[in-house]
Amino acid sequence: CARKIMSDTQSPHSVASSLFDSPRKAEPAGGFRAQRTGDTFKVFLSKGNGSVPLGIDVNFADKRTLMVVSIHVAEGMVLAWNQQNPDMQVQVGDRILAVNGVQDNTELMIAACKAAPQLELVLMRA
């Protein structure tokens with residue numbers, strides 16, 4: 001257990017307030033915080049019976065990542081994820097860096113999205 005030693009010039013109040021100054025102080029309960037630009041995070045999706053679409057449109061012009069350009073509001077696995085995970089929502093502008101471990105090749109990433117029943121997406125916040 002870390003302890004802070006009070007010097008002769010510090011009041012007990014200043015020691016107590018400095019004990020609560022930590023980088024995690026600003027985080028909400030549970031340790032979750034909204035992602036910042038450049039943060040990476042994982043999204044786990046399951047197709048279930050296989051008929052549920054992913055529910056996003058992507059731009060893959062850079063041939064290395066999939067940039068989310070729209071999220072379907074009527075249905076889709078991403079819509080369901082966003083509703084169940086408000087602290088880790090997929091947003092327009094986010095970049096999908098990897099799909100089930102496949103990265104740096106948008107053709108293979110899109111193929112994995114279509115074929116795999118379970119998806120692990122690594123995204124970077126826009």
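Residues numbered from 1 in each chain as written. Predicted model: local features only at pLDDT ≥ 70, side-chain atom pairs only at ≥ 80, totals over all residues. Heavy atoms only, no water.

A. Representation of the overall build of the protein chain. Per the secondary structure count, the protein chain includes 3 helices and 6 strands. In sequence order, the secondary structure elements of the protein chain are arranged as α-β-β-β-α-β-β-α-β. Here the protein chain has roughly 8,400 Å² of accessible surface; of this, 56% comes from carbon and sulfur atoms. (Helix = DSSP H or I, 4+ residues; strand = E, 2+ residues; numbered from the N terminus. Areas by Shrake-Rupley, 256 points an atom, 1.4 Å probe, with all protein chains shown as cover.)

B. A look at helix 2 (residues 77-84). Listed as buried for helix 2 are Met77, Val78, Leu79, Trp81 and Asn82. Buried residues in helix 2 make contact with strand 1 (40-46), strand 2 (56-59), strand 3 (66-71) and strand 6 (118-124). (Buried < 20%, exposed > 50% of the residue type's maximum accessible area, 1.4 Å probe, protein only. Contact = heavy atoms within 4.5 Å.)

C. Quick look at the nonpolar core. Of all hydrophobic cores here, the largest spans 20 residues; its most connected members are Val43, Leu45, Leu54, Ile96, Val99, Leu119 and Leu121. Looking at this core, the elements with two or more residues in it are strand 1, strand 3, helix 2, strand 4 (95-99), helix 3 (106-115) and strand 6. (Core = buried A, V, L, I, M, F, W, Y, C linked by side-chain atoms within 4.5 Å.)

D. Region of interest: the environment of Glu107. Of note, Glu107 is situated in helix 3. Here the alpha-carbon distance between Glu107 and Leu66, two residues 41 residues apart in the chain, equals 9.8 Å.

E. Representation of the side chain of Asp94 in the model. By the secondary structure assignment, Asp94 is in the loop between helix 2 and strand 4. Judged by its relative accessible area of 0%, Asp94 is buried. Within the local environment of Asp94, its side chain forms a polar contact with the backbone nitrogen of Ala126, the two atoms lying 3.1 Å apart. Not counting residues up to four positions away in its chain, the partners in contact with Asp94 are Phe41, Leu66, Met67, Val68, Gln89, Leu123, Met124, Arg125 and Ala126. (Polar contact = N/O pair within 3.5 Å; in protein donor to acceptor, adjacent residues only side chain to side chain.)

F. Region of the structure containing the environment of Gly93. Structurally, Gly93 can be placed in the loop between helix 2 and strand 4. When the C-alpha positions of Gly93 and Arg125 are compared, they lie 7.6 Å apart, and in sequence the two are 32 residues distant. For Gly93, the residues in contact, after removing those within four places along its chain, are Met67, Val68 and Ala126.

G. Representation of the confidence of the model for the protein chain. Of the residues in the protein chain, 73% reach a pLDDT of 70 or more, and the chain-wide mean stands at 81. Per-residue pLDDT stays below 50 along residues 1-31; that stretch engages in 13 contacts with residues further than four places along the chain or on separate chains. (pLDDT = per-residue confidence, 0-100.)

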